[in-house]
Amino acid sequence: MLVLLAGIFVVHIATVIMLFVSTISNVWMVSTYNKTVSSGLWLLCNQTCNELKVSNDDAASLKTVQAFMILSIIFSVIALVMFIAQLFTLEKGKRFYITGTIMLVCWLCILIAVSIYTARFQGQIAPSVTSHHGYCFILAWICFCFSFIIGILYLVLRKK
């Protein structure tokens, strides 16, 4: 049981780090025409990085994605702190309900953010340009899977 808790703790820390990287870095979408251009949640980068310009229709969507990614980081860190606190305060045989619930809220925030980004910003690049999703977008989906698995495991596990 101790090995399982340690494993979940390590995966949780990895999820927090990957959430930070996917939110901060600007490689959500990569385009190649004559040179490589990447865009993220904050900046558009080719040789230098400039502010990401979006249309008025998409501005609210981008702000929503940014907000939910930041919320997912906050909830993931809170869940990590709650897990550590519950390790020392929870009685034997009790479950990690609070930690699991907070982690599932983090999962929901990631789901909302990445789904909105997928729906609204998929076809923003001209069809003549080769584009694909960058590593930040993929990391966000990996964090989505990890946070769901961790949240369910926290709800199922008992302190021994």
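Residues numbered from 1 in each chain as written. Predicted model: local features only at pLDDT ≥ 70, side-chain atom pairs only at ≥ 80, totals over all residues. Heavy atoms only, no water.

Peer 1: Explain the UniProt feature "transmembrane region" (unreviewed entry) in the protein residue by residue, including any values.
Peer 2: When the UniProt feature table is mapped to this numbering, "transmembrane region" (unreviewed entry) covers residues 7–29, 65–84, 96–117 and 137–157. Across residues 7–29, the secondary structure splits into 78% helix and 4% strand, with the terminal C-alpha atoms separated by 32 Å. In this annotation, residues 96–117 is assigned 95% helix and 0% strand; the end-to-end C-alpha distance for the span is 32 Å. (UniProt positions renumbered as here; feature names shortened; annotations may be inferred. Helix = DSSP H or I, 4+ residues; strand = E, 2+ residues; numbered from the N terminus.)

Peer 1: Break down helix α1 (residues 2–24) for me, citing the residues and quoting the values.
Peer 2: With 23 residues, α1 should reach 33 Å at 1.5 Å per residue; the first-to-last C-alpha distance of 33 Å fits that figure. Along α1, the positions that sit buried rather than exposed are L5, I8, H12, T15, V16, M18, L19, S22 and T23. Residues of α1 that are buried sit in contact with α2 (56–89), α3 (97–121) and α4 (135–156). (Expected span 1.5 Å × (residues − 1). Buried < 20%, exposed > 50% of the residue type's maximum accessible area, 1.4 Å probe, protein only. Contact = heavy atoms within 4.5 Å.)

Peer 1: Outline the packing of α2 against α3, supporting the account with residue identities and numerical values.
Peer 2: At their nearest, the axes of α2 and α3 sit 8 Å apart, and the two run at 160 degrees to each other. Put simply, α2 runs roughly antiparallel to α3. Considering how the two elements wind past one another, α2 and α3 form a crossing that is left-handed. Among the residues making up the contact of α2 with α3, the classes are represented as 22 nonpolar, six polar and three charged. (Axes fitted to C-alpha atoms, helices over the stretch in contact; angles between N-to-C directions. Parallel < 35°, antiparallel > 145°, perpendicular 65-115°, else oblique. Left-handed = near helix turned anticlockwise from the far one by under 90°. Nonpolar A, V, L, I, M, F, W, Y, C, P; charged D, E, K, R; others polar.)

Peer 1: Any chance you could break down a nonpolar patch on the surface for me, citing the residues and the numbers?
Peer 2: Taken together, the side chains of V11, I138, I142, F146, F148, I149, I152 and V156 define a hydrophobic patch exposed on the protein surface, amounting to about 610 Å² of accessible area. Topologically, I138 is positioned in helix α4. (Patch = residues over 30% accessible without salt bridge, like charges linked within 9 Å, V, L, I, M, F, W, Y side chains within 5 Å. Areas by Shrake-Rupley, 256 points an atom, 1.4 Å probe, with all protein chains shown as cover. Salt bridge = Lys/Arg side-chain N within 4 Å of Asp/Glu carboxyl O.)

Peer 1: Please set out the environment of L153 residue by residue, giving values where relevant.
Peer 2: Its location among the elements puts L153 in helix α4. Residue classification places L153 among the partly exposed residues on the basis of a relative accessible area of 30%. Distance in space between the C-alpha atoms of L153 and V21 is 24 Å, their sequence separation being 132 residues.

Peer 1: Quick rundown of the confidence of the model for the protein? Include the residues and the values.
Peer 2: Taken residue by residue, the protein gives an average pLDDT of 87. The fraction at 70 or more is 94%. When the elements of the protein are averaged for pLDDT, strand β2 (residues 36–39) gives the smallest value, 80, and α4 the largest, 94. (pLDDT = per-residue confidence, 0-100.)

Peer 1: Before we move on, can you summarise α4 with the specific residues and values?
Peer 2: With 22 residues, α4 extends 31 Å between its outermost C-alpha atoms, agreeing within 8% with the 32 Å of an ideal straight helix rising 1.5 Å per residue. Here α4 has its buried residues at C136, F137, L139, A140, C143, F144, S147, I150, G151 and Y154. The arc enclosing the buried residues of α4, seen along the axis, measures out at 155 degrees, which places them on a common side. Those residues of α4 hidden inside the fold are in contact with α1, α2, α3 and β5 (130–133). (Arc of directions from axis to C-beta.)

Peer 1: Tell me what's going on with the pairing of strand β1 (residues 29–32), and back it up with residues and numbers.
Peer 2: Relative to β2, β1 runs antiparallel, the two sharing four bridges. Within β2, the residue paired with S31 across the bridge is V37. Hairpin connection of β1 to β2: three residues between the antiparallel strands. Pairing of β1 with β5 involves four bridges; the strand directions are antiparallel. (Pairing = 2+ DSSP bridges.)

Peer 1: Tell me about the packing of aromatic side chains, and name the residues and values.
Peer 2: Counted by the stated rule, this structure contains 11 aromatic pairs. Ring geometry for W28 versus F137: centroids 5.9 Å apart, planes at 70 degrees, classification edge-to-face. With W28 in the loop between α1 and β1 and F137 in helix α4, the pair connects residues that are 109 residues apart, well separated along the chain. In terms of burial, W28 and F137 fall into one category: buried. Geometrically, the ring pair formed by W107 and F148 is tilted, given 5.0 Å between the ring centres and 45 degrees between the ring planes. Of this pair, W107 sits in helix α3 while F148 sits in helix α4, and the two are 41 residues apart along the sequence. In this structure an aromatic cluster arises from ring pairing among W28, W107, Y117, F137, W141, F144 and F148. (Phe/Tyr/Trp six-rings, centres within 6.5 Å; stacked < 30°, edge-to-face > 60°.)

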